[in-house]
Every structure is written in C-alpha cells, then in structure tokens.
Amino acid sequence: MEFVMGGASGMGAVLFTNPFDVIKTRLQLQGELKAKGKYIVHYKGFFHAFYAVARAEGILALHKGLVPALWYQLCLNGLRLGGYDWANRRGWTKNKAGEISTPKRIVVAAFAGCAGSCAASPFYLVKTHLQSQAADSVAVGYQHQHAGSASALRKIYQEGGVVGLWRGVMSSLPRICVGSVSQILTFEMCKEYLGKYEVFSERPLLNTFTSSMTGGIAITLFMTPFDVVMTRLYNQGTDAEGRGLLYRGVTDCFIKMWKTEGIRGYFKGFMPNYIRLGPHTVLCFVFWDELRDFQRNLMNRQPINSNAESAKS
C-alpha cells in the first residue's frame, strides 16, 4: 500500500502541474549552448511562454506529455515516497535509541529516490521528447517528431534497444538525490517542528500545506541546475551508434553550459520550475498524507469491526 499511495499522490499532483512542466522544458532548452543575444528568443518569460505555446500549437499543447508524465509519477513516487514510508515504518530512519536520525533519513530518501528515478527513466525520456516537440515557429532544442507515447517508446527501442530506453539515466541520479533529500527532509522536519504549535497541531492540513511549500522552495533551489542538465541530456539527438550529438555525459554538459551560457544557464526555467514544484509538492504531499491517514483509520477500524461481529455471533 505504501507504494500505491506514493504513486497515486504523484499522479494526482501532475494532473494540475503538467502545463508548468511543459513551459519549464521549453525555457530550459531555449538558447541551448548559445550565449545571450546569439539566438532567437521565442519565449520572453514565464507568462509569455504560455501565450506563445497556446497561440502556435493550441491550448491543449500545454498538456503535452501528460500520459508518460503520469506513468513517470507512478513509478517514481511509488518507489520514492512509498519506499521512504515503508522504510520509515520499519524504523530504518531511527537510531538505536528510537529517535529520528537525520543521516539515516538522508540515506533512505536518496536511495528511494534513485530507485524510483531509475525505474521511471523511460517515461521521463518520452515525456521530455513530447514536451519539447513544438511548431516550427516556437521550436527549441532537438525535435524528435514522435506521434505519441507508444510510438515514441517503440521508436526509441528500435533505434537503441533496451539500453536506449534508459539513455540519460545517469543524469537523473544526482538530480533525484538532491531533490528527494531536500524535499522529503524539509517536509518531514518542518512538519514535526510546526506540529509543536497549537495552530498547526489542530489543523493538520494547514501543517501539511505549509511544510509542503517549504519543501517546494528547498527542492527548486537545490535541484534546478541538475534539472536543466537532465532535460538537455534526455532531449539531445543521437547518432547512429546511440551517442549524444551535443553532450557526452553530465560533466560534459555542465562544462559546455558554463562556457557558452554562464551560470544563468543552470537556472533557466527557474520560475516555472518553482511554480510547478511548489504546487506539485503541496498536492503530492497533501494527497500522500490524506491517503496515509485514510489507510491508518481503515486499519484501526478493522479489529473493532471483527470484534463486534464475534460478539454478535
């Protein structure tokens, strides 16, 4: 159940936040490996990007990649949140005295995040390809020209085999480690701290909301540079041997971006990333908390019902 609840929480959140993800992807790919002023600016900012996409491709284009995004959230957060909750319930995040251990929390959150990211990588690959795919007038980055999610998976498999489906997965590991640890740790610690105050202890939903927003800020600050690199590596085209046309790997991408785009390049799409991650974190953790509370209440009622039935008989 921990894995089902974690996956369902992420899927519920992405239904609302996918348009922000589309805009974030476009902004991160705009001006790829080009200095400022050396490329055509199709998207002049966060709000203009929404207008430009809707005008050139229609309003439904803001939900491009939704299907693989749902599968990605199911696999990622099923293992990430579900795995963390599973380990937490078994005391793996506590020390010998039974107290919460921050180092153990970090290890569990990082490991669960990496497992989820590896399992979900093919869906992130397809999601990125579809979200970057645009009309010629607003196209940025490499254009893969997929007809849909199923055809994209089939085409990638035919061109690169099973290995091709996990292309770029190594770039997802530092991103998810930093993101998972900062998000889960900030959320859990903030929730515990605020729970000491009456206004939050009596209003658990308010506590979850506030803690989630704090987690959203933390994850955006720490994860955005890795997120930009991951988007670039997943979206780049490949040659006949499956090698990237622009980057050889994570380190090569960081170096080339620094030389051509400077430090600002690492924070492209920061605003839509936060506007996406903030609500996504809130919705994901609110759904997660509510589902866990529902499960606990359901499990607590079961013995009572069974005892009552025994007494009647």
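Structure shown above.
Since this is a predicted model, take the numbers as computed values, not measurements.

J.: Any chance you could break down the overall build of the protein chain for me, citing the residues and the numbers?
T.: Helix and strand counts for the protein chain stand at ten helices and zero strands. Along the protein chain, helices (α) and strands (β) appear in the sequence α-α-α-α-α-α-α-α-α-α when read from the amino end. The C-alpha atoms of the protein chain give 21 Å as radius of gyration, which agrees with the globular expectation for 313 residues (20 Å, within 12%). The C-alpha extent of the protein chain, read off along each of the three principal axes, is 75 × 40 × 40 Å. Looking at the protein chain as a whole, 48% of its 313 residues qualify as buried. Long-range pairs, those at least 24 residues apart, make up 78% of the contacts in the protein chain with a sequence separation of at least 6. Distance between charge centres in the protein chain, computed from 35 positive and 21 negative side chains, equals 5 Å.

J.: An account of helix H8 (residues 204-235) is needed here, citing residue identities and associated values.
T.: The terminal C-alpha atoms of H8, which comprises 32 residues, lie only 40 Å apart, well short of the 46 Å expected from a rise of 1.5 Å per residue. Approximately 55 degrees is the largest bend angle found in H8, and it occurs at Met-223, with the proline Pro-225 only one to four residues beyond.

J.: Tell me about the environment of Val-67, and please be specific about residues and values.
T.: Residue position: Val-67 is located in helix H3 (residues 66-89). Classification of Val-67 as partly exposed rests on a relative accessible area of 47%. Residues Val-67 and Phe-209, 142 residues apart in the sequence, show an inter-C-alpha distance of 27 Å.

J.: Run through the environment of Ile-219, naming residues and quoting values.
T.: In this structure, Ile-219 sits in helix H8. Given a relative accessible area of 4%, Ile-219 falls into the buried group. For Ile-219 and Arg-264, which are 45 residues apart along the polypeptide, the C-alpha to C-alpha distance reads 18 Å. Aside from chain neighbours lying at most four places away, what touches Ile-219 is Gly-179, Ser-182, Gln-183, Thr-224, Leu-277 and Thr-281.

J.: Which residues make up the state of the cysteines, and what values do they have?
T.: Within the structure shown, the criterion is met by zero disulfides. Summary of cysteine pairing: Cys-118 is not part of a disulfide, and the nearest cysteine sulfur, belonging to Cys-114, is at 6.4 Å. Cys-177 takes part in no disulfide bond, and the closest cysteine sulfur, belonging to Cys-114, lies 3.1 Å away.

J.: How would you sum up a nonpolar patch on the surface? Please name residues and give values.
T.: Among the surface-exposed residues, Tyr-193, Tyr-197, Val-199 and Leu-206 lie close enough to one another that they form a single nonpolar patch of about 370 Å² accessible area. With respect to the helices and strands, the residue Tyr-193 is situated in helix H6 (residues 169-194).

J.: Explain the side chain of Asp-21 to me, using residue names and the numbers behind them.
T.: With respect to the helices and strands, the residue Asp-21 is situated in helix H1 (residues 2-29). Asp-21 gets classed as buried once you look at its relative accessible area, which sits at 5%. A polar contact is formed between the side chain of Asp-21 and the side chain of Lys-127, at a distance of 2.7 Å. Setting aside residues up to four positions removed in sequence, Asp-21 forms contacts with Lys-127, Gln-131 and Arg-276.

J.: Before we move on, could you go through the nonpolar core and cite the residues and values that matter?
T.: It is characteristic of soluble globular proteins that their nonpolar side chains tend to be buried jointly. Among the nonpolar cores identified, the biggest contains 16 residues, and Tyr-72, Leu-76, Tyr-124, Val-126, Ile-156 and Tyr-234 are the most heavily contacted of them. Only H3, helix H4 (102-132), helix H5 (149-165), H6 and H8 provide two or more residues apiece to this core. In terms of residues, this core owes the most to one element, H4, which gives six residues. Discounting residues that sit within four places of it in the chain, Tyr-124 has contacts with Lys-24, Tyr-72, Arg-175, Asp-227, Met-230, Thr-231 and Tyr-234.

J.: Can you explain H4? Please cite residues and give values.
T.: With 31 residues, H4 should reach 45 Å at 1.5 Å per residue; the first-to-last C-alpha distance of 38 Å falls well below that figure. A bend of about 60 degrees at Ser-121 is the largest found in H4, and the proline Pro-122 appears one to four places after it.

J.: An account of the side chain of Gln-143 is needed here, citing residue identities and associated values.
T.: You can see Gln-143 is positioned in the loop between H4 and H5. Within the structure, the side chain of Gln-143 is placed 3.0 Å from the backbone oxygen of Ser-132, a separation counted as a polar contact. Among the polar contacts made by the side chain of Gln-143, one reaches the main-chain carbonyl oxygen of Val-140 at a distance of 3.0 Å. Ignoring any residue separated from it by four or fewer positions in sequence, one finds Gln-143 in contact with Ser-132, Gln-133 and Ala-134.

Conventions adopted
Residues numbered from 1 in each chain as written. Predicted model: local features only at pLDDT ≥ 70, side-chain atom pairs only at ≥ 80, totals over all residues. Heavy atoms only, no water. Helix = DSSP H or I, 4+ residues; strand = E, 2+ residues; numbered from the N terminus. Rg over C-alpha atoms; globule rule 2.2 N^0.38 Å. Buried < 20%, exposed > 50% of the residue type's maximum accessible area, 1.4 Å probe, protein only. Contact = heavy atoms within 4.5 Å. Lys, Arg positive; Asp, Glu negative; His and termini not counted. Charge placed at Lys NZ, Arg CZ, Asp CG, Glu CD. Expected span 1.5 Å × (residues − 1). Bend = angle between axes of the 7 residues up to and from the residue. Disulfide = S-S within 2.5 Å. Patch = residues over 30% accessible without salt bridge, like charges linked within 9 Å, V, L, I, M, F, W, Y side chains within 5 Å. Areas by Shrake-Rupley, 256 points an atom, 1.4 Å probe, with all protein chains shown as cover. Salt bridge = Lys/Arg side-chain N within 4 Å of Asp/Glu carboxyl O. Polar contact = N/O pair within 3.5 Å; in protein donor to acceptor, adjacent residues only side chain to side chain. Core = buried A, V, L, I, M, F, W, Y, C linked by side-chain atoms within 4.5 Å.

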